[in-house]
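# Reading the structure
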Amino acid sequence: MYFGKPKKTHNANIPPGQQETTRFPVLHHGNVPYYRDLEEWTLTIDGLVDEKMTYTYQQLLDMPQTRLQNDIHCVTGWSKLNNMWEGITPKDLLSSIKVNDSAKFVVLHAEEEFSTNLPIQDFLHEKTLLAHSYEGKPLTPEHGFPLRAVVSHLYFWKSAKWLRRIEFVAEEQLGFWEKNGYHHYGNPWKEERYSWS
Ligand SMILES: Nc1nc2c(c(=O)[nH]1)N[C@H]1C(S)=C(S)[C@@H](COP(=O)(O)O)O[C@H]1N2
Ligand SMILES: [Mo]
């Protein structure tokens, strides 16, 4: 008989170099914005669009609502599987907006000067959502209330919390972490963590 350590089964949903956690760590640069009410809050869509659009929180809630189950992969090494988000798909958000054909990238702008960039097809990806709820409840301030991006197929720094503006641009424009050495794209399955790796 062999009494060795039981071998941990490899979970095929965990990318290389990641460890599963069941906690939900809070990670960001800057301060958490706390909103007493959402009267002043808006989401702006601009850049290479026919007309700049601004939505209130209520207008977003009046759009079609979608649930998305995802796995989170943070570049610092933790993965959290099976999360349930609810919000608006980028396609539904853009249903009445004409995006110029010259737009190739999206910059997500958040509070506290945070931004992140992604190719337009990754913004329109079926696993990308503009989420207002997590596990059936509105996002907590720490996790991005009132609205955050959830870009499931890339490292979690692409999932901007406290999202305020979605800008369509023709050329890649680096965001906060991308300017500070993170990979421009960030595919967790290829371990695209830092731009020098
Ligand atoms: N506005 C904003 N969004 C952000 C960040 C940030 O610094 N500011 N950090 C990113 C990083 S690096 C990670 S890992 C996740 C963490 O999200 P969480 O705190 O909900 O776990 O948020 C991302 N979104
Ligand atoms: Mo991160």
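Taking an unreviewed UniProt entry as the reference, the protein chain is identified by name as Oxidoreductase molybdopterin binding domain-containing protein belonging to Priestia endophytica DSM 13796.

Residues in a regular strand point their side chains to alternate faces of the sheet. Here strand 10 (residues 148-151) shows no split at all, with R148 and V150 on one side and A149 and V151 on the other all buried. As paired strands, strand 8 (residues 128-134) and strand 10 are joined by 4 bridges and run antiparallel to one another. Looking across to strand 10, one finds that L130 is bridged to A149.

Attention now goes to the sheet that holds strand 3 (residues 53-55). Spatially, 5 strands are ordered 3-2-11-6-7 in an open sheet, and the strand pairing comes out mixed. Both outer strands of the open sheet, strand 3 and strand 7 (115-119), are each paired with one neighbouring strand and no more. Adjacent strand axes in the sheet meet at a mean angle of 15 degrees, parallel and antiparallel pairs treated alike. The sheet contact formed by strand 2 (residues 43-47) and strand 11 (residues 163-169) spans 4 bridges and is parallel.

A few words now on the site of ligand 1. With respect to spatial proximity, 19 residues lie near ligand 1, and among them P25, H29, H143, R148 and K161 are the closest. Residue H29 places a main-chain N or O atom 2.8 Å away from an oxygen atom belonging to ligand 1. Summarising the interface, the protein chains cover 98% of the accessible area of ligand 1, which totals 530 Å² for the free molecule. Assessed atom by atom at 2 Å from the grid points, ligand 1 resides in the largest pocket. Grouping the amino acids of the shell around ligand 1 by side-chain chemistry returns 13 nonpolar, 4 polar and 2 charged.

The next subject is the layout of surface pockets. Empty space among the atoms becomes apparent when a probe as large as a water molecule is rolled across them. Put simply, the largest pocket is a space of about 370 Å³. Taken together, 21 residues make up the lining of the largest pocket; nearest its centre are L27, H28, F156, W157 and W177. Along the lines of polarity and charge, the residues of the lining of the largest pocket split into 14 nonpolar, 5 polar and 2 charged.

Right, let's talk about the environment of E178 for a bit. Along the chain, E178 falls in helix 4 (residues 176-179). Judged by its relative accessible area of 2%, E178 falls in the buried class. Note: C-alpha distance between E178 and T44 (134 residues apart in sequence) is 22 Å. Residues within four places of E178 in sequence aside, it is in contact with S115, T116, N117, W157, K158, H183 and H184.

Looking now at the packing of aromatic side chains. The relation between two aromatic rings is expressed through the spacing of the ring centres and the mutual angle of the planes. All told, the structure shown has 14 aromatic pairs when counted by the stated rule. Ring centres of W157 and Y182 lie 4.7 Å apart, and the angle between their planes is 80 degrees; on these two criteria the pair is classed as edge-to-face. Taken together, the residues W157 in the loop between strand 10 and strand 11 and Y182 in the segment after helix 4 connect sequence positions 25 residues apart. Of the two residues examined, W157 and Y182, each falls in the buried class. Geometrically, the ring pair formed by W177 and Y182 is stacked, given 4.8 Å between the ring centres and 20 degrees between the ring planes. Among the residues examined, W177 registers a relative accessible area of 26% and is labelled partly exposed. Residue classification places Y182 among the buried residues on the basis of a relative accessible area of 13%. Taken together, the ring pairs in this structure connect F114, Y155, W157, F176, W177, Y182 and Y194 into an aromatic cluster. We note K80 situated over the ring of F24; from NZ or CZ to the ring centre the distance is 5.5 Å.

Rules of the game
- In every chain, residue numbers begin from 1 and rise along the written sequence.
- Key to labels: chains lettered from A, ligands numbered from 1, both in the order written.
- Reporting of local features is limited, given that this is a predicted model, to residues whose pLDDT is at least 70; pairs of side-chain atoms are given and counted only at 80 or more, and all residues count toward the totals for whole chains, interfaces and linings.
- For side-chain calculations, the full set of non-hydrogen atoms in the structure is used, while hydrogens and water are omitted.
- Exposure categories follow from relative accessible area, calculated using a 1.4 Å probe and restricted to protein chains: below 20% of the type maximum is buried, above 50% is exposed, and the middle band is partly exposed.
- Every helix listed is a DSSP run of H or I at least four residues long, and every strand listed is a run of E at least two residues long, numbered separately from the N terminus.
- Two strands qualify as a pair provided DSSP detects at least 2 bridges between them.
- As a rule, the C-alpha atoms of each element are fitted with a line to give its axis, helices using only the stretch in contact, and angles between N-to-C directions run from 0 to 180 degrees.
- The rule for a residue being near a molecule or strand is that one of its heavy atoms must lie within 4 Å of it.
- Between N or O atoms, a polar contact is any pair within 3.5 Å; within protein, one atom must be a potential hydrogen donor and the other a potential acceptor, and residues adjacent in sequence are included only when both atoms are from side chains.
- In these tables, accessible area is a Shrake-Rupley quantity obtained with a 1.4 Å probe, and a residue counts as shielded only by the protein chains included in the view.
- Both site types are read off a 1 Å grid over the protein atoms alone. A 1.4 Å probe that fits but cannot get out defines a cavity, while an open set with protein on both sides within 12 Å along at least five of seven lines defines a pocket; lining residues have an atom within 4 Å of a point.
- A pocket or cavity is taken to hold a molecule when more than half of that molecule's atoms are within 2 Å of the pocket's grid points.
- The nonpolar class holds Ala, Val, Leu, Ile, Met, Phe, Trp, Tyr, Cys and Pro. Asp, Glu, Lys and Arg form the charged class, and all remaining residues, Gly among them, are polar.
- Grid points are joined across faces, edges and corners, and a volume is the space filled by probe spheres set on the points.
- Contacts: residue pairs with any heavy atoms within 4.5 Å of one another.
- Pairs were defined over the aromatic rings of Phe, Tyr and Trp, the Trp ring being its six-membered one, requiring ring centres within 6.5 Å. Orientation was assigned from the angle between planes: stacked under 30 degrees, edge-to-face over 60, tilted for the rest.
- Only Lys NZ and Arg CZ are tested; either one counts as a charge over a ring when it is within 6 Å of the ring centre and within 35 degrees of the ring normal.

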